[in-house]
Amino acid sequence: MLIYIIRSLSERGIKVPAAFSYTSTRMVLAALFSLLFSILVGPYFIRKLYELKIGQPIRMEDCPLLGQLHEKKKDTPTMGGIFILFAVFVALVLWMDLSSIFTLIFCLTIFWLGGIGAYDDYLKLKHKNSKGLRAKKKFFAQVVFAAIIGCYGMIPGMAEKVENGKLFSAPTAKIQVEKGVNKQLSTSEYMTAYYVPF
């Protein structure tokens, strides 16, 4: 979002330091924002979780000795991942280029994997045990999502089908230098070309 404000100010003749348009600068600022947001707002969020009594139970039946060692962790608030993902999402909206398809992929990834984690925590709270979602189901959900993203990047033409004008442009796979001229390749062009690795 802020990148659009910076571009708008630049178009109106207001000078904005060029460093804010660099991807590396915005990555550092997004990381700092997430860190400060977590430090400042995190304690309040944890207190609320304690008040709501959203604590993870300790599994005693499988290994009683390990359960005794973890006794002090009983009722430690769960669902903390939601707060971390919220901090990352706010940083994403503020600092990333929202028209980039990679921003959309990143956003979908944090919501998909965060949703799996939230559902796992929900099952732990609902059934009052620490088993949650079975490992096979978690793994399957992750593999399905990874396969969809992999198909998007690897199958020629699929990226162009998702393209929506200025909003989500298809990613460029590589910048190739031909006779001193830089050329951006679409994923379709990249997948149909052959490269010698040396």
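In what follows, the structure referred to is the one given above.
Residues numbered from 1 in each chain as written. Predicted model: local features only at pLDDT ≥ 70, side-chain atom pairs only at ≥ 80, totals over all residues. Heavy atoms only, no water.

**Brief notes about the packing of aromatic side chains**
Phase 1: One pass over the full model with this rule turns up 7 aromatic pairs.
Phase 2: Each ring, one from Trp112 and one from Phe145, has its centre 5.6 Å from the other, and the planes form 15 degrees; the classification is stacked. Taken together, the residues Trp112 in helix H5 (residues 101–127) and Phe145 in helix H6 (residues 135–154) connect sequence positions 33 residues apart.
Phase 3: Residue classification places Trp112 among the partly exposed residues on the basis of a relative accessible area of 38%.
Phase 4: Following the ring pairs from residue to residue traces out a cluster consisting of Phe33, Phe37, Phe45, Phe83 and Phe86. (Phe/Tyr/Trp six-rings, centres within 6.5 Å; stacked < 30°, edge-to-face > 60°. Helix = DSSP H or I, 4+ residues; strand = E, 2+ residues; numbered from the N terminus. Buried < 20%, exposed > 50% of the residue type's maximum accessible area, 1.4 Å probe, protein only.)

**So, the packing of H5 against H6**
Phase 1: Between H5 and H6, whose axes approach to 11 Å, the crossing angle comes to 170 degrees. Taken together, H5 and H6 sit at an angle that is classed as roughly antiparallel. Residues Ile101, Ile105, Leu108, Thr109, Trp112, Leu113, Ile116 and Asp120 of H5 form the contact with H6, whose own contacting residues are Lys138, Ala141, Gln142, Phe145, Ile149 and Tyr152.
Phase 2: Tallied by class, the residues present in the contact of H5 with H6 amount to 10 nonpolar, 2 polar and 2 charged. (Axes fitted to C-alpha atoms, helices over the stretch in contact; angles between N-to-C directions. Parallel < 35°, antiparallel > 145°, perpendicular 65-115°, else oblique. Contact = heavy atoms within 4.5 Å. Nonpolar A, V, L, I, M, F, W, Y, C, P; charged D, E, K, R; others polar.)

**Brief notes about the pattern of salt bridges**
Phase 1: What the rule picks out here adds up to 2 salt bridges.
Phase 2: Across the salt bridge formed by Asp120 and Lys124, the nearest N and O atoms sit 3.4 Å from each other. Pair noted here: Asp120 and Lys124 are both in helix H5, with a separation of 4 residues, about one helical turn. Considered together, Asp120 and Lys124 belong to a single accessibility category, that of buried residues.
Phase 3: Taking the shortest distance from any N to any O, the salt bridge between Asp120 and Lys138 comes out at 3.6 Å. Taken together, the residues span a long stretch of sequence, with Asp120 in helix H5 and Lys138 in helix H6 at a distance of 18 residues.
Phase 4: On the basis of relative accessible area, Asp120 is assigned to the buried category, the value being 7%.
Phase 5: Of the residues examined, Lys138 reaches a relative accessible area of 23% and is grouped as partly exposed.
Phase 6: One salt-bridge network, held together by shared partners, links Asp120, Lys124 and Lys138. (Salt bridge = Lys/Arg side-chain N within 4 Å of Asp/Glu carboxyl O.)

**Observations concerning the environment of Phe33**
Phase 1: With respect to the element layout, Phe33 can be found in helix H2 (residues 23–51).
Phase 2: Overall, the relative accessible area of 25% leaves Phe33 in the partly exposed class.
Phase 3: Residues within four places of Phe33 in sequence aside, it is in contact with Ala87, Val90, Ala91, Leu94 and Trp95.

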